[in-house]
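Now for the letters of each chain:
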Number of protein chains: 2
Amino acid sequence: MDQTIRMAIIGGDARYLDMIKKLNENDNLSMELVGFDQLDQGFAGVKKTNFSGLEVEKLDVVVLPIPGINENGMIDTVFSNDHIQFSEDWFKRLPNHTTIFTGITTPYLEKMIQKTAMHLIPLMNRDDVAIYNSIPTAEGTIMLAIQHTNFTIHQANICVLGFGRVGMSVASRFHALGAKVAVGARNPADIARITELGIQSFHMDDIIAYTGQCDILINTIPAKVVTEPALKELKLNALVIDLASKPGGIDFLYAKKRGIKVIHALGLPGIVAPKTAGEILGNIINQLIITDKK
Amino acid sequence: MDQTIRMAIIGGDARYLDMIKKLNENDNLSMELVGFDQLDQGFAGVKKTNFSGLEVEKLDVVVLPIPGINENGMIDTVFSNDHIQFSEDWFKRLPNHTTIFTGITTPYLEKMIQKTAMHLIPLMNRDDVAIYNSIPTAEGTIMLAIQHTNFTIHQANICVLGFGRVGMSVASRFHALGAKVAVGARNPADIARITELGIQSFHMDDIIAYTGQCDILINTIPAKVVTEPALKELKLNALVIDLASKPGGIDFLYAKKRGIKVIHALGLPGIVAPKTAGEILGNIINQLIITDKK
């Protein structure tokens, strides 16, 4: 019985190189790369091809770029000048059992799900991927905090807003570096966990009472939580780092008006640790393929 | 009885601004600044003056720049174009009880000690200052490690050489960030302490057996300890950070020949946290003056 899994990786950025290296450790996998023609580097046993050369009807797994497919059916290809455009027909040619990996889902992909039998896995939505990625995100935040202040993290007053997958990793690391951390949350279980870790907690309703002491304010909540009253209390030389995806959680206009330095830091894993970020994706895809096979 | 301590701060860099701010919290201190004429900023109650305007005979404390006085009797003045030159006569005009603070001692200062009654305190030689400064040094090392690698500190193999004042702060912080740290030392008490912290230890004689696994090698030992045999084992994409003062502890020539990236990171406290570095100096001087008075 043929145990070989046929995979096409179509487009992607620098992170995908270490993902491919990781996937290539899986002997049951036969990989083809599309959109990597300008890449000098090769991978033993992995074939580079072009979009029209793919035997679509034989693919078990397709890996799309992190941002998915845009409204015109197009994808980003960092390592190619080719314009790659998907169509409804292309998706209909895939076997019914095919799994499609993407970073995030898009309206175009949502439409394709409804029209075809394909199984779509938006990797960045997964809890495990978000938690693994929270490690390079937290390290990138530490780097920014050291670069953009003239004082040490040690003994600094750090407010972290939110205690989700990113907030927990960020708060515990700043705490480990000797900062005086206070975490704002709403969920009583989160407040309990923050306390268990030996970190100060507060309810988000009381945010205004805490921002005044902050040397660094780090937001992880994807909602406008840092509004004018909270910013008004902030020291003028405080640093604000917003880790929440667009549009972020800060009233940027008001912060600018007050002259407060705000860094909206997006995509830190790809910036500070592309190798680790790629390996995280490779590991998860490998796990999911094996689970699928069982 | 007049409890006022008359202090002159003569020259200095950006760190001295936060040192002056800290010293200015001491109400018993009357400060005069020399070599700060180009500084826009003022400090309440602190007088800026020029070198010839000082009433040398009345000074209780003199604070010199971190690098001390050079062989020609000159000092660095970052905030002035004046050339300030000391003489043996100048030092002889000081009262016998005067305390002189400098960062490091120099041959010129050593000569003056022998010829006058002055009491010289090289701050950077002090254990407490070195330990406080090891905090911004460790944070600067973390920043460099994040900036100059494409993987996370978390789960990376980090070798730290030396477990003195800097080595201990560096090793414990990388350990706290989830790295797999191994520390090389010689002293059995150091090996015991490393083990107590839950960190792997090895004897410096066995260094060659450890460098091969290193993703990041951090040296804190001020002696040529990382020689050709140790560098030969290192992965080509490993990062070497040398924190030992000049001439450092790495065979830089051989490392370059092998294409290994080496960062000789000196003066990190002044670079990543000048405010904290200045406050450390201000706190220590304040403590020493008060102790002197008792």
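Keep in mind that this is a model prediction, so the values were computed, not measured.

1. Thoughts on the environment of arginine 126 of chain A
Residues and elements named next belong to chain A. Along the chain, the position of arginine 126 falls in the loop between strand E6 (119–122) and helix H4 (127–147). Taking the C-alpha atoms as reference points, arginine 126 and isoleucine 104, 22 residues apart in sequence, are found 10.0 Å from one another. Leave out the neighbours within four places in its chain, and arginine 126 touches Ile121, Arg165, Ile284 and Leu288.

2. A short note on the sheet that holds strand E4 (residues 61–63) of chain B
Either a parallel or an antiparallel arrangement is found when strands of a sheet pair, and the pairing is made through backbone hydrogen bonds. All names here are of chain B. Reading across the sheet, the 6 strands line up as E3-E2-E1-E4-E5-E6 and stay open at both edges, with parallel pairing between neighbours. Each edge of the open sheet carries a strand with a single partner, namely strand E3 (47–49) and strand E6 (119–122). When the angles between neighbouring strand axes are averaged without regard to direction, this sheet yields 20 degrees. Strand direction decides the pairing type here: strand E5 (residues 99–102) and E6, joined by 4 bridges, are parallel. Directly across from threonine 99, in E6, lies its bridge partner histidine 119. Strands strand E1 (5–10), strand E2 (29–34) and E4 of the sheet are contacted by helix H1 (residues 15–23), whose axis makes an angle of about 170 degrees with E1.

3. A few points about the state of the cysteines
Residues and elements named next belong to chain B. Throughout the structure, instances matching the rule amount to 2 disulfides over all chains. There is a disulfide in this structure between cysteine 159 and cysteine 214, and the S-S distance comes to 2.4 Å. Here cysteine 159 is found in strand E7 (residues 157–161), whereas its partner cysteine 214 is found in the loop between helix H7 (207–211) and strand E10 (216–219), with 55 residues between them in sequence. Cysteine 214 gets classed as buried once you look at its relative accessible area, which sits at 1%.

4. Quick word on the relation of the copies chain A and chain B
Once turned by 180 degrees and shifted 0.0 Å along the axis, chain A lies on chain B with an RMSD of 0.1 Å. With respect to symmetry, the two chain copies, as superposed, fit the operation of a two-fold axis. Considering only C-alpha atoms, the residue of chain A closest to the rotation axis is methionine 143 of chain A, which sits at 2.5 Å. When the interface residues of chain A are mapped onto chain B, 100% of them are again interface residues, pointing to one common binding face.

5. Comments concerning the domain arrangement of chain A
By domain assignment, chain A separates into domain 1 (5–123) and domain 2 (129–271). Using C-alpha coordinates to define each centre, domain 1 of chain A is positioned 36 Å away from domain 2 of chain A.

6. Things to note about the pairing of E1 of chain B
All names here are of chain B. Within E1, 5 of the 6 residues are buried, which leaves it mostly tucked inside the rest of the structure. The sheet contact formed by E1 and E2 spans 6 bridges and is parallel. Residue pairing for E2: isoleucine 5 is matched across the bridge by leucine 29. Bridge count for E1 against E4 is 3 bridges, and the pairing is parallel. Bridge assignment links isoleucine 9 to a residue of E4, and that residue is valine 63.

7. Considering the sheet that holds E7 of chain B
All names here are of chain B. Reading across from one edge, E9-E8-E7-E10-E11-E12 is the order of the 6 strands in this open sheet, with parallel pairing throughout. Two strands in the sheet have a free side with no partner beyond their single neighbour: strand E9 (200–203) and strand E12 (261–264). Averaged over all pairs of adjacent strands, the angle between strand axes in this sheet comes to 20 degrees, irrespective of strand direction. Lying on the sheet, helix H4 (residues 127–147) is in contact with E10, strand E11 (239–242) and E12; it crosses E11 at an angle near 160 degrees. The sheet contacts of helix H6 (residues 188–196) involve strand E8 (180–185) and E9, and relative to E9 the element is tilted by about 160 degrees.

8. Remarks on the packing of H4 of chain B against helix H5 (residues 165–176) of chain B
Residue and element names in this part refer to chain B. Relative to each other, H4 and H5 sit at 40 degrees, their axes nearing to 8 Å. Our classification of the angle between H4 and H5 gives oblique. Along this stretch, H4 crosses H5, giving a crossing that reads as right-handed. Counted together, Asp127, Ala130, Ile131, Ser134, Ile135, Thr137, Ala138, Thr141, Ile142 and Ala145 of H4 and Arg165, Val166, Ser169, Val170, Arg173 and Phe174 of H5 form the full contact between these two elements.

9. A look at the nonpolar core
With 65 residues, the main nonpolar core has Phe174 of chain A together with Phe174 of chain B as its most contacted residues. Those residues in contact with phenylalanine 174 of chain A that sit more than four places away from it in its chain are Thr141, Ile142, Ala145, Ile153, Ile158, Ala179, Val181 and Ile218 of chain A.

10. Considerations on H4 of chain B
Residues and elements named next belong to chain B. Taking 1.5 Å of rise per residue, 21 residues should cover 30 Å, and H4 covers 30 Å from first to last C-alpha, within 8% of that figure. Residue serine 134 marks the point of greatest curvature in H4, where the axis turns by about 30 degrees; the proline proline 136 follows within four residues. Burial runs high along H4: 16 of the 21 residues are buried.

What counts and what doesn't
- Residues numbered from 1 in each chain as written.
- Chains lettered and ligands numbered in written order.
- Predicted model: local features only at pLDDT ≥ 70, side-chain atom pairs only at ≥ 80, totals over all residues.
- Heavy atoms only, no water.
- Helix = DSSP H or I, 4+ residues; strand = E, 2+ residues; numbered from the N terminus.
- Contact = heavy atoms within 4.5 Å.
- Pairing = 2+ DSSP bridges.
- Axes fitted to C-alpha atoms, helices over the stretch in contact; angles between N-to-C directions.
- Disulfide = S-S within 2.5 Å.
- Buried < 20%, exposed > 50% of the residue type's maximum accessible area, 1.4 Å probe, protein only.
- Least-squares fit on C-alpha atoms with pLDDT ≥ 70 in both.
- Domains from an automatic or database assignment.
- Parallel < 35°, antiparallel > 145°, perpendicular 65-115°, else oblique.
- Left-handed = near helix turned anticlockwise from the far one by under 90°.
- Core = buried A, V, L, I, M, F, W, Y, C linked by side-chain atoms within 4.5 Å.
- Expected span 1.5 Å × (residues − 1).
- Bend = angle between axes of the 7 residues up to and from the residue.

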